[in-house]
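Notes for the structure review
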Amino acid sequence: MVQLPPEVFSAIVSYAAPRDLLALSCTSKAFQRAAEPKLYEVVILRDAKSTFLACHAVMVREAYRGAYVKRLVIYQDPRRVTPRNDMRNVPPQFWLAVQHALTKLPNLESLAIHDPSCEQSWILNHDDIKFQLREATLRLPWDGHMVAFLQTQHKLQLLTTSDSREELPLFPLPPNCLPVLELYSGPLLAVAELLGSPLKRIQMAAEDDTVPYIPTVVADLGKIMKTLRNLCIVGLPEELVLETAHLISNSVYASNLRYLGILPLPSKHREWNAIHRCLMKMPALTAIELDVSHWELRPNEHFQRAILHELCVFCPTLVHVVFWISQHRCHWHLRDGQWLFVHQPGRFQMHESLWRS
């Protein structure tokens, strides 16, 4: 039988659906060679067993497959948890295998690691890790290992991190070490370590012990972050909303801000005037998210419509207005001159993405 040229196999593979690549690669060595670059381009691992096997597959035969991997996701799917397949109970050799695999991925651009124990940040701190990420989601402690890794990532544009462990302070990040970082989502105090980056979109979460630092961090952003366009604060209490809104409205980015959230709307109507004055200093604002969970009388759809029309008097550029009532997200969107209403139950503020757009 005449052997077809490699270009023909590559062309066939290019039309194959992702779910068919594995079966196609098993039909012949020619299809295996053609399919593997696409098969390993995106690797999503949902449990300890699949992660360990994938690391082994990358390492064999001088790790030639490692060059194919562009995106890697490692997390524990709760539906796959068993006593022998739980990342919280794996032996040390498991994370060592993950680290060794990372050293063989020179073309990796996107990395997401969710360690359920939040202890294994050391896997990122290795001299043989050569990739330059564009996007990173690291559910690992913000410690010396994390900072040492971030210092090497000069092309990183999108970053999501977790907090440091409770018994340890937040490790400082040297200034200007992430020169092209545009988006960050993570704990409030970590934002203070990123003031030297040209951030455009920020989601920062405050816990009970860091809530008092919200005005300080917002004030620092207001003095420096001219590039900022979207600001989301999760965990802002009602007693700090007026001070925070005032700081934002007088910031260097106020005139260009397009998204603002999640502000607890004061339950006393007389305090709304201060919010209105702040909104008048944000002529580019198109989206705002408000939390009314603390109101004794929760606003229904008609009351929400009245509030958003009042907001538009002072901020006529708005096209998205969101009201949070506990885990209920009430999204109003302006389309063809009409405000449309969508009720979304069972939502979490940290998981929403309007601030990213």
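Please refer to the structure higher up on the page.
Remember, predicted model here, so these are calculated numbers, not experimental data. (Residues numbered from 1 in each chain as written. Predicted model: local features only at pLDDT ≥ 70, side-chain atom pairs only at ≥ 80, totals over all residues. Heavy atoms only, no water.)

1. Describing the overall build of the protein
- Looking only at helices and strands, one finds eleven helices and 13 strands in the protein.
- Judged by the C-alpha coordinates and their principal axes, the protein covers about 80 × 50 × 40 Å.
- Put simply, the protein has 357 residues, and 47% of those count as buried.
- Considering only contacts within the protein whose residues lie at least 6 apart along the sequence, 62% involve residues at least 24 apart.
- Accessible surface computed for the protein: about 18200 Å², of which carbon and sulfur atoms make up 55%. (Helix = DSSP H or I, 4+ residues; strand = E, 2+ residues; numbered from the N terminus. Buried < 20%, exposed > 50% of the residue type's maximum accessible area, 1.4 Å probe, protein only. Contact = heavy atoms within 4.5 Å. Areas by Shrake-Rupley, 256 points an atom, 1.4 Å probe, with all protein chains shown as cover.)

2. Description of the state of the cysteines
- Counted under the stated rule, the structure contains zero disulfides.
- With no disulfide of its own, cysteine 315 has cysteine 312 as its nearest cysteine by sulfur position, at a separation of 7.4 Å.
- The thiol of cysteine 330 is unpaired, and the distance to the nearest cysteine sulfur, on cysteine 312, comes to 16 Å.
- Note on cysteine 330: relative accessible area 4%, which makes it buried. (Disulfide = S-S within 2.5 Å.)

3. Looking at the nonpolar core
- Counting residues in hydrophobic clusters, the biggest one holds 94 residues, and the most contacted among them are Leu72, Leu102, Leu111, Met204, Leu221 and Leu231.
- Considering each element in turn, this core owes the most residues, six residues, to helix α5 (residues 92-102).
- Those residues in contact with leucine 221 that sit more than four places away from it in its chain are Val191, Leu195, Ile202, Met204, Leu231, Val252 and Tyr253.
- By size, the runner-up hydrophobic cluster in this structure holds twelve residues, among which are Val234, Tyr259, Trp324 and Trp355. (Core = buried A, V, L, I, M, F, W, Y, C linked by side-chain atoms within 4.5 Å.)

4. Some thoughts on the packing of aromatic side chains
- Throughout the structure, instances matching the rule amount to six aromatic pairs.
- Centre to centre, the rings of phenylalanine 131 and phenylalanine 149 are 6.2 Å apart; their planes meet at 65°, and the pair counts as edge-to-face. With a gap of 18 residues between them, phenylalanine 131 in the loop between β3 (110-114) and β4 (135-139) and phenylalanine 149 in helix α6 (residues 144-150) connect regions that are remote in the sequence. Per residue, the accessibility class of phenylalanine 131 equals that of phenylalanine 149, and both read buried.
- On the numbers, 4.8 Å between centres and 50° between planes, the contact of tryptophan 332 with phenylalanine 341 is tilted. (Phe/Tyr/Trp six-rings, centres within 6.5 Å; stacked < 30°, edge-to-face > 60°.)

5. Quick word on the side chain of threonine 210
- Mapped onto the secondary structure, threonine 210 falls in the loop between β7 (201-205) and α8 (214-224).
- Excluding residues within four positions of it along the chain, threonine 210 makes contact with Leu188 and Leu189.

6. As for the pairing of strand β2 (residues 71-74)
- Note: strand β1 (residues 42-45) against β2, four bridges, orientation parallel. In the strand pairing of β2, leucine 45 is matched with isoleucine 74.
- Handedness of the crossover is the feature at issue here: the chain leaves β1, passes through helix α4 (residues 48-63), returns alongside β2, and the resulting connection is right-handed.
- As paired strands, β2 and β3 are joined by four bridges and run parallel to one another. (Pairing = 2+ DSSP bridges. Right-handed = clockwise from strand over helix to strand, strands pointing away.)

7. A word on the pattern of salt bridges
- Overall, the coordinates contain eight salt bridges when judged by the stated rule.
- In this structure, lysine 200 and glutamate 182 form a salt bridge, with 3.9 Å as the shortest nitrogen-oxygen distance. Residue lysine 200 is located in the loop between α7 (188-191) and β7, and its partner glutamate 182 is located in the loop between β5 (158-161) and β6 (183-187); the two are separated by 18 residues in the primary sequence.
- Arginine 329 serves as the salt-bridge partner of glutamate 352, at 3.6 Å between the closest nitrogen and oxygen. Of the two residues, glutamate 352 sits in the segment after β13 (338-344) while arginine 329 sits in strand β12 (residues 328-335), which places them 23 residues apart along the sequence. When sorted by exposure, glutamate 352 lands in the same class as arginine 329, which is buried. (Salt bridge = Lys/Arg side-chain N within 4 Å of Asp/Glu carboxyl O.)

8. Concerning a nonpolar patch on the surface
- Taken together, Leu4, Val8 and Ile12 make up a surface patch of nonpolar side chains, about 220 Å² in accessible area.
- As for its placement among the helices and strands, leucine 4 is situated in the segment before α1 (6-15).
- Classification of leucine 4 as partly exposed rests on a relative accessible area of 42%. (Patch = residues over 30% accessible without salt bridge, like charges linked within 9 Å, V, L, I, M, F, W, Y side chains within 5 Å.)

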